[in-house]
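Survey of secondary and tertiary structure
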Amino acid sequence: MASDVRVAFGTGILLDLWNGKLAAAPTTAHFLTYHGGRCSANCKFCPQARESTADPRMLSRVVWPRCKLEDVLAALKKHHSRFKRICIQAVNYPGVVDDLCEFVAKVNGVCDLSTSVSCQPLAASDVERLAAVGAERVSIALDVATPKLFERIKGGGYTWEGHLRALENARAIFNDGITTHLIVGLGESELEMVQTIQFLHDKGITIGLFAFTPIAGTPLAGRPRPNVMSYRRIQLAQHLIVNGLSRVDGMKFDGDKILDFGVVGDVLRKTID
């Protein structure tokens, strides 16, 4: 395994790896595999992409300084009680699965926190390896809500069908311990996003929802962030779907906008409150 690992800036503060101020302390310790080059994938929103010219320390809007693995493990052993869980993220490069398995095993050797892995689509045999070393969840990020947008934004190595197949294969191994990510604001309509949320939920896949953040040095640096009210509507729709309070086919849409969430009485107000 690489002797170094990247640590999300807020995580490093709680691990006493460096000084800093936090408006809100993270409850998850976030780590990122270290690789001497950029990711072999080329997602147009990602500063780690192979053709990106962004700061290589960044993932999304967060800075992830490079640290010695032995220092991180020692700090985690001492301060793991400051977190509720651990998420290990990966860029795509040859040998990444070996690095992930070794890192998960070493993390589990210094603390008993639940560990999840967020990575590219993997073969079923590689997912089984992660389960064998103690990973409790695996996340494979779709990121984009429609096949057409996926090809435009994440194509060039990845496919919509390949990601869905990898998610289904992983779910056969981890059961309910499978997650994906969706990013609001990449050109989809609210209807398309909510349809994809429903589709994934019906397959038993947990969804982490994010708002697009433009990063300098990426091809989508000039794209605006999504309208905050649109993002809130989608968040609310996801909450209703995940909690069995509504379904997309019971909601009403006007072009790009959710008009009715498909609930009656005071359910919507109580949910918002």
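Residues numbered from 1 in each chain as written. Predicted model: local features only at pLDDT ≥ 70, side-chain atom pairs only at ≥ 80, totals over all residues. Heavy atoms only, no water.

Below, the discussion takes up the overall build of the protein chain. Looking only at helices and strands, one finds 9 helices and 12 strands in the protein chain. Whereas a compact globule of 273 residues would reach a radius of gyration of roughly 19 Å, the protein chain reaches 19 Å, a difference of no more than 12%. With the principal axes as the frame, the protein chain shows a C-alpha extent of 55 × 40 × 40 Å. By the burial criterion, 49% of the 273 residues in the protein chain qualify as buried. Across the protein chain, the fraction of contacts at a sequence separation of at least 24, relative to all contacts at a separation of at least 6, is 67%. Of the charged side chains in the protein chain, 32 are positive and 28 negative, and the gap between their average positions amounts to 5 Å. (Helix = DSSP H or I, 4+ residues; strand = E, 2+ residues; numbered from the N terminus. Rg over C-alpha atoms; globule rule 2.2 N^0.38 Å. Buried < 20%, exposed > 50% of the residue type's maximum accessible area, 1.4 Å probe, protein only. Contact = heavy atoms within 4.5 Å. Lys, Arg positive; Asp, Glu negative; His and termini not counted. Charge placed at Lys NZ, Arg CZ, Asp CG, Glu CD.)

Considering all chains together, one arrives at 3 aromatic pairs under this definition. Taking 5.6 Å as the distance between ring centres and 20 degrees as the angle between the ring planes, the aromatic pair formed by phenylalanine 9 and tryptophan 18 counts as stacked. Tryptophan 18 gets classed as buried once you look at its relative accessible area, which sits at 18%. (Phe/Tyr/Trp six-rings, centres within 6.5 Å; stacked < 30°, edge-to-face > 60°.)

Time to look at the sheet that holds strand 5 (residues 66-68). Strands sit in the order 5-1-2-6-7-8-9-10 across an open sheet of 8 strands; the sheet is mixed. Since the sheet does not close on itself, it has two edges, and those belong to strand 5 and strand 10 (206-211), each with one partner. Between one strand and the next, the sheet's axes are offset by a mean angle of 30 degrees, whatever the strand orientation. Bridging between strand 8 (residues 137-140) and strand 9 (residues 178-184) involves 2 bridges; their strand directions are parallel. Note that in strand 9 the partner of valine 138 across the bridge is isoleucine 178. Helix 8 (residues 228-242) rests against strand 9 and strand 10 of the sheet, and its axis sits at about 170 degrees to strand 10. (Pairing = 2+ DSSP bridges. Axes fitted to C-alpha atoms, helices over the stretch in contact; angles between N-to-C directions.)

A few words now on the nonpolar core. In this structure, Phe31, Phe45 and Ile86 are the most contacted members of the largest nonpolar core, which totals 83 residues. For this core, the element with the most residues is helix 3 (residues 96-110), which contributes 7 residues. (Core = buried A, V, L, I, M, F, W, Y, C linked by side-chain atoms within 4.5 Å.)

Moving on to the pattern of salt bridges. Between side chains of opposite charge, a pair can form as their charged atoms come close. Overall, the coordinates contain 14 salt bridges when judged by the stated rule. Where aspartate 16 meets arginine 82, a salt bridge forms, and the shortest distance between an N and an O atom there is 3.5 Å. Here arginine 82 lies in the loop between helix 2 (69-79) and strand 6 (85-89) and aspartate 16 lies in the loop between helix 1 (9-14) and strand 2 (28-33), a separation of 66 residues in the sequence. Assessed through its relative accessible area of 40%, arginine 82 is described here as partly exposed. One salt bridge connects glutamate 102 with lysine 106, and the closest N-O pair in it is separated by 3.0 Å. Linking glutamate 102 with lysine 106, this pair stays in helix 3, spanning 4 residues, or about one helical turn. Ionic contacts of the salt-bridge type, sharing partners, join the residues Asp4, Arg66 and Lys68 into one network. (Salt bridge = Lys/Arg side-chain N within 4 Å of Asp/Glu carboxyl O.)

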